[in-house]
Structure formats: structure tokens, C-alpha cells
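Each chain is listed here by its residues.
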Amino acid sequence: MPASTASTVTVFPTCLGDIAMPDVVGQTTRALAACGYAPRLARGVTCCGQPGYNSGFDADARRVAKASLAALDRTEGPIVVPAGSCASMMHLHWRELFRGSRHERAAIRVSQRVRELTTLLAERADRLATLGLAWPGTVAYHDSCHMLRELGISDAPRAVLGTVAGLTVVPTAVAPRCCGFGGTFSVRYPEVSVAMADATLDDARVAQVDAVISADPGCIMHLDARSGRRGDTPRVVHIATLLAEAGLR
Amino acid sequence: MNRPGPDPLTSSTFSQRAHEQLGKPFLRRAVPKATDHAYNALRDRFRDHDYDALREQGRRIRADAVEHLDEHLATLVAALERNGVSVHRAADDARAREIIRGIVRDAGGRRVVKVKSMASEEIGLNPALEADGVEVVETDLGEYVVQLDHDRPSHIIAPIIHKTRGEVRDSLSRVAGRELPDDAAALTGFARDTLREAFLTADVGISGANFGIAETGTICLVTNEGNGRMCTSLPRVHISLMGIERVLPRLEDLAVMLPLLTGAGTGQLITTYVSLLSGPRRPGEPDGPREMHVVLLDNGRSALRGGAYQDVLHCIRCGACQNVCPVYRQVGGHAYGWVYGGPIGAVLTPLFRGMDAGGELPHASTLCGACDDVCPVKIPIHDLLHGLRSDRVRGDAAPRAERVASSLWSLAWSNPWTYRASVTFARVGTRAAARVPSGLVRRVPGAARWLDGRDLPGGPRPGGRR
Amino acid sequence: MRPRIDPARLAAIAPTELRPGEDAVARFVAEVEAVAGTAEVVARGDAVDAAERAVLAHRPLRVVLAADLDARREALAGRLETVGVEVVHYEQADRATVAEADVAVTGCVAAVAATGSIVTGGAAGRGGALIAPVHVCLVERRRLFDGLLDVLRALPAIGVGSALSFQSGPSRTADIEKTLILGMHGPKAVHVVVVEGDADS
């Protein structure tokens, strides 16, 4: 894929992007465009099915994911997902979910095209670096568990953050640790979920960062909502939001 | 050790137990500190070595052991018997208790010293022996305190991770009949002297088995305190209770399994003591028990073979998955309601105790996968947790409210138009909710579960910067 | 059949094996010290002297000697008795007598360089090295194995009796608030004397 041609990519907004973070979807599209891609918002898609799949309701999950699968199978080129956990669901677990069904071949086809947002941006980090992005301050990067452990992505988001002048990424926790979102876990066990968020936010507070950055709307929604309630910890924002704040348009 | 009261697993929910644990300030400080310490020790231990390659070797050894379990067990039994060991097979916990009670009775045992054993916790051995009028003394310092307090261990290898020094001091002071100093060395010294007396006078020593080596007929025990060695050296009878899956085909397999067990558990190169016990005292030897018994415990293990959860039998009970689990870190082991806590407990408990009792536990995880990354034998714990969630749904054991919610979700989101409508509704609803009294918002089903401790997503941030 | 463990492969990935070219004695001493034990290396002729010094450093009233010291046992017993220390032979003493001893001296059937372990069994007995608060152990250089795999493969040929014990440094516990305490049930001090030279009794 030569960097000079504007290759078409399809943006899968995800359900949390649609409901809770519509800004992130727009910022994702602009970031991709700035890197020389030609992004198009996927039409007719719903959710990746992860909430049902992770709760053990495979049949329900299949029904939901089927709608997104069919819509995405009508597109071509990379499918960009601005959510590590959804990317992991679509890239790795759709094959499992549709195994033995008549959608299996489509699932294999589509899953191979799924790309997590920051990996695509990192491939064009040189180009990002020429855009004069600046964000003075220190941040912590929160690894989404599925993005880190299932997809093995940890360098790409950091490479993207490295293109922003004035920005320092500081390490916080002993090991990358789950923030306590866990999809339905966050409402099934709210008290434990919030305690886990506090552990992550306490680390960020100790590190005196200006913001916590992540590439997963699930973690962000949960952490930021907890941080908002506490009032003594930094806000939590999506990496595409940070790029927008750094001057990307 | 009598533990009065109902079974926590069936009489309470994970939420309730977690709530209780989250209210303990010391636990909230101590468990993260201790588990981080253990994880850092593991990382340091393997900093200059290829942990992944070693655990792959460990996985292969354990997979071979479990895949050909019948054959290896037959070899083990024959070798143990050649070594003069009496071997007993127990299909379930009741039978295991009965066998051990019988051995103690036949030996005229009045006093039993015990080495920490999760299998003996699993079968509830101590109350059964005590009902026969036998005095049972746990000799691992942590287990001793657990026993004095009629408590349960809360971590596989650090049983009193949840207790303060002050609590330990109170427990030991009751035994001493005087106020002991608030000092770990002095408390340990008192426990040593008290337990030394028990070692010297006990008739029977009971241990678990970290491994049973098939080729040589050897039980392997690891400890740091030396109590494993004491319990198997001084009393005239030694009984080892071993889960059938803990077999290793060859003696040399320990060259892989020991560094994995101790490295993953405590970060040590090797534990202070590793005992290899191949039978009772032989002619010409200066000491050792006159009788050695091995009780092979099934208790639901062989039923797991050939099924989707066979890999859980590879577990060597190192506790590493507890140390990295972000949920365990907050709530400790007691929240899981039975003897095995943390990620591996959330798999073992529904398998051993059934879906009705333990089916909730696989949900007590965010499926973050930290346990998979650290497990020394590469058990895909988070796949097993996910599988158990699916099984619960397929077996109709999921609560009705969950099934209804999932059906509604699936109905609405399997179609782009109804999805759009619900998304718009949710967006507008969230925005409107920010402007109406929170008491009203909390009446929306499920909303209170989010709003206890968290704001609405995307709401204004009065305390936030920028 | 699963293949046997490949020693070179294991040495490359396990911390319990020696690295190629690593000196076994130096590593052994370093590992013993890393787990709060003490160690020294002496020439063959100095073994009894070294053991005597190590024992007397603890000003004992009663010392237990294990049978696996072989000919050195008589020599050491003589020296200790000369300075007024009561000497008991483990296999001849009753439990109460052993329990009151201040120091135990044993040999070993093997030792492991990479882990700093001594391996006792057979003639030394199960409890001999365990009950006294101080343990002094004599290790013949030729019984020092590089790593765990070597020693495990050699054990059946050594013929070690009903019980073998690997022991690496003093007994320890960290059960109370993770505070490390030495000398829980076993000895709180372990001193290892490595005896160089080829000849053996």
C-alpha cells in the first residue's frame, strides 16, 4: 500500500462510539484523512456482538454481529476500528462465533480486513509528525486488555503519541492492568468495577499526569465517568481526541 | 477446625462477598502490595531467561501427564507399592475422608500434624478428623493462624495475605495466654516453639503432594518453612493426599516444573525445601515414618478429561494467576466463596461444585487475560471462563433477567434501523438525564448500577481540567 | 512418547541450570549466599578444621553429627569433645536429645550449583539437618552438579534411600505481612563447606 495513493478505508464506529462518543468517530475519520487514507463511515452496521458473546449468549451475539458482518462484507479495503476490544472481537472471535454457520466464510473474509486504528496511524507516523501537532503536558497511556493481550498492540499507540510535540508519556502501573470495565462486568459488579477504576486512576494521580489516553471507548467511558465522579483525578480521553486537541484537523 | 455457619458459596452472591471484602481497609492495602511483590519477583526471576519457552515446556509436560493420566497413574501406583507405600483411591471427598480417618484410627493416632494442602481444604478433612477426637495441628504458619481463627485461607500460597500483624498477634496471644509483642520475628518465634512441640509428639503427619513422580514412585513436596520435611520425618505415619492430576511421568520433569512452580509462585529460584519421598523408612536409615500412605483423590477430576475443560487439570497451584488478577487484587480470595479463589478458582469452583453453586464465578472476571499471560503451564484461563459462561447459558442456568435482557438486546441490535433508533434514544436519554434529578435517572433499570460511583458517560466534568 | 528434556535447550531457558562456561563452585557459593546462607571453599586437608570452626562459631553446648560424615565424623567429634562440647551421633540419639542440640553437622549426597541447594538423604536421615537451629554441611566438590536436570538424572544411580531433601539456605517464612523471617521450622543459619580435591573416603 504506497503512502502516496489515498486508499479507501471503512470506519466501523462501534456501539459505544455511536452512543457515548460520537466525537471520537469524527476525530478518527479526520486523523485517517490527515494520514492520507480515504475514510468512509460504514453504513448499515450495528455492534460487533461482544456484550452478548462475553456473557455467554453466543446465539444472541451471532444475530447482532451478523448484521455488521453483512454490511462490512459489502465494502472493500481495511476496516478501521477505533476500539481495541471491538477490533479484537471482530479480528479474532468472529471466526469462532460463526464457525460452522453459513456465515463462516464471510466472517473469515471480513475478520482479515479488520485493523485497529492506531496500527494504521502508526504506519504513517512520519506523515503525522509533519503536521505540527502539539499538546504540552504529560499523559499516561492505558492499555486496553484485549488490544494488548489478544492483538498484541502496544507500540503503535505510543508511536502515534510520539508525533505530538510537547507531549510526554509517563509509565504508571506495575503492569498494564485492567481498569475494571469488562463490558457487562461494569454493571454486574459495579462496586468491584469502580474499585478497579480507582486503582488505575490512583496510579495516574500519583504520576501527576494531565490526562489518561486510551484507544478503547469502553475503558474510556468507564474511567472518565469514575474520574468525573471523584473530581480529583485526570480526565480520560481517546487517542483520536488527543490528536484533535493537538491541532489535527 | 470447625467452621460453623452456612456454606458461603451457596448462601451468598459474589457481589455480597465482594462488598464485605471491599469494606476491609487492610485487605485493600495488603493484597495489592503482596500480589505486586510476587509478580515483580516473578518478572525479576525470569528477566534474563525465556519464561515463555520454559512455560511451553511445562505445558507439554502437564498435557502429556493429563492426556495419558490412566497410564501414568498405573505406573505411579506400581512404583509406590514397590517402594512400600500403601496406595488408596478415593472417588470423592467423602471417601477420601473415610480412608484417612481409617488410617489415623488404625495407627492409634491422637495428634496429627499437617502441611498446607489445598486438596485437604477441598475435602474438608480437619473437621472430620476432629469429630473422631483427633487433634489436628496445621504447621504452616499462615495455615496455623487460619486454623486458630476458624478462618479460610485466602490465597493458594499466602493463606493469611488478608490478615494484619495485629490480628495474628491477637490469635497467637490467645494460645500463649499472655500478650505477645507486636513484632513479626517474636510472633514467628512463638509459633515455632509451639509447633515444635506438636512435631515431636504427633503420631501422624498429613501432607498434600505438589507432584507424584510416576517413574520412581515419589511424592514431591515444596515448602519454605521446613514443615513439610518435619511432618514427613518425625511422626510414625505419613499420609499424602494427592489430586490424581498431579502426576508427573518422569523424575527429570521436575527440572522444568520446579522452577516454574516456585518462580511463578514466589519468584524464588527454588523453595528452601524440596522433599522427594519414596516410601517409609528403610533398613539402615536412622529415621522416617514406619508407614507411608498415598490417597489419590479424584473428586470430579477424571470427569473433566476429554472435555472442554481438561486443561484446568494442568494447574500446579502456584497462585500466579491470583497475583496478577485485577479482580482478586481488589476483593481477595474469600469473595470467591470456596477454597480456590482468583481466576483458577472461578474455573475450578463451578466444575467441582456444579453450575448451580458456582456458575456465577466465571463472570467475576473482566476477561482481561492477565492470568493467561502469567500461567506457568499456559492454561488458557480466560477461554475456560468464557466457555463456562456459554455453558451456563446453554444449560439454562443463567438467571431469567439476564436471558430476557440478552434477547431484547439481540432483537434490537440485529437490525440497522432498530439499532439506529435505540442509539438515538440512548444518546438523547443520556443528554436529558444530565438535566433531570438523579433520583429519577436511577429508576431506569440498571442505571443505578452504573451511577453508584460513576457519572453518566459524556456528561459535563465540573472537576476536570481543560 | 514425549521426548526427554534436551539439556542444552533447558540450560538456555531455565534459571535453575548453569550457563555454558559458568563456574559451578562460584555459582554455588553465590546462590547459597543469595538465600541467606554462608559458604566457603576449602582444600581437602582442611575440611575438618573448617567444620570445627563453623560449629564453634555458634558456641554450642551440644552438637549432632550425621553418619554420612563418614571418617570425618570421628575426627570432628574428637576435636569438639576436647573443647568441652557434647557430641551425639544422630542415629544413636533419641529425639529429645537431638531437639536440644545447638548445631547439626551433615554431609550430603549431592549439591546443585545453579540453585545453591544441598541434597541430604540416606545415611544423614530425614530430621538430622532440620531440628537444630544451625546446620553445617560438608559438600564434596565431585558431588556438586551443575543444575537441576543433572542432579535429577543422577539420583536413581546414587541410590539415595526413602527420602531426599533439597535444602537451599535457612528455613524462612513471610506469612505475616510479607516480613521475611529466617528459621521458621528448620535452621535459621546454614553454612556450607565445599571440599575441593578428587580423593574420597
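Read on for an overview of the structure. (Residues numbered from 1 in each chain as written. Chains lettered and ligands numbered in written order. Predicted model: local features only at pLDDT ≥ 70, side-chain atom pairs only at ≥ 80, totals over all residues. Heavy atoms only, no water.)

1. Section: the interface of chain A and chain B
So, point 1. On the chain B side, the residues contacting the 66 residues of chain A number 60 residues.
So, point 2. Linking chain A with chain B are 5 salt bridges.
So, point 3. For R420 of chain B, the salt bridge identified is with D18 of chain A, shortest N-O distance 3.2 Å.
So, point 4. Applying the counting criterion to the chain A and chain B interface returns 28 residue pairs in polar contact (both at pLDDT 80 or more).
So, point 5. Across the side of chain A that touches chain B, the residue classes break down as 33 nonpolar, 18 polar and 15 charged. (Contact = heavy atoms within 4.5 Å. Salt bridge = Lys/Arg side-chain N within 4 Å of Asp/Glu carboxyl O. Polar contact = N/O pair within 3.5 Å; in protein donor to acceptor, adjacent residues only side chain to side chain. Nonpolar A, V, L, I, M, F, W, Y, C, P; charged D, E, K, R; others polar.)

2. Details of the pattern of salt bridges
So, point 1. Applying the stated rule across the entire model yields 55 salt bridges over all chains.
So, point 2. Note that R149 of chain A is salt-bridged to D373 of chain B, the shortest N-O span being 3.2 Å. Note that R149 of chain A is positioned in helix α9 (residues 145–150) and D373 of chain B in helix α18 (residues 370–374), a pairing that runs across two chains.
So, point 3. E122 of chain B is paired through a salt bridge with R301 of chain B; the nearest N and O atoms lie 2.9 Å apart. Taken together, the residues E122 of chain B in helix α7 (residues 118–123) and R301 of chain B in the loop between β10 (291–297) and α14 (320–324) connect sequence positions 179 residues apart.
So, point 4. By relative accessible area, E122 of chain B is classed as buried at 5%.
So, point 5. Residue R301 of chain B is classed as buried on the basis of its relative accessible area of 2%. (Helix = DSSP H or I, 4+ residues; strand = E, 2+ residues; numbered from the N terminus. Buried < 20%, exposed > 50% of the residue type's maximum accessible area, 1.4 Å probe, protein only.)

3. Quick notes on the nonpolar core
So, point 1. Among the nonpolar cores identified, the biggest contains 100 residues, and V192 of chain A, F14 and L254 of chain B together with F166 of chain C are the most heavily contacted of them.
So, point 2. Considering each element in turn, this core owes the most residues, 8 residues, to helix α13 (residues 254–266) of chain B.
So, point 3. The residues contacting L254 of chain B, other than those within four sequence positions of it, are F211, I213, C220, L248, P259 and L276 of chain B together with L148 and L152 of chain C. (Core = buried A, V, L, I, M, F, W, Y, C linked by side-chain atoms within 4.5 Å.)

4. As for the side chain of Q27 of chain A
So, point 1. Within the fold, Q27 of chain A resides in helix α2 (residues 22–34).
So, point 2. A residue is classified by how much of its surface remains accessible, and Q27 of chain A, at 11% relative accessible area, is buried.

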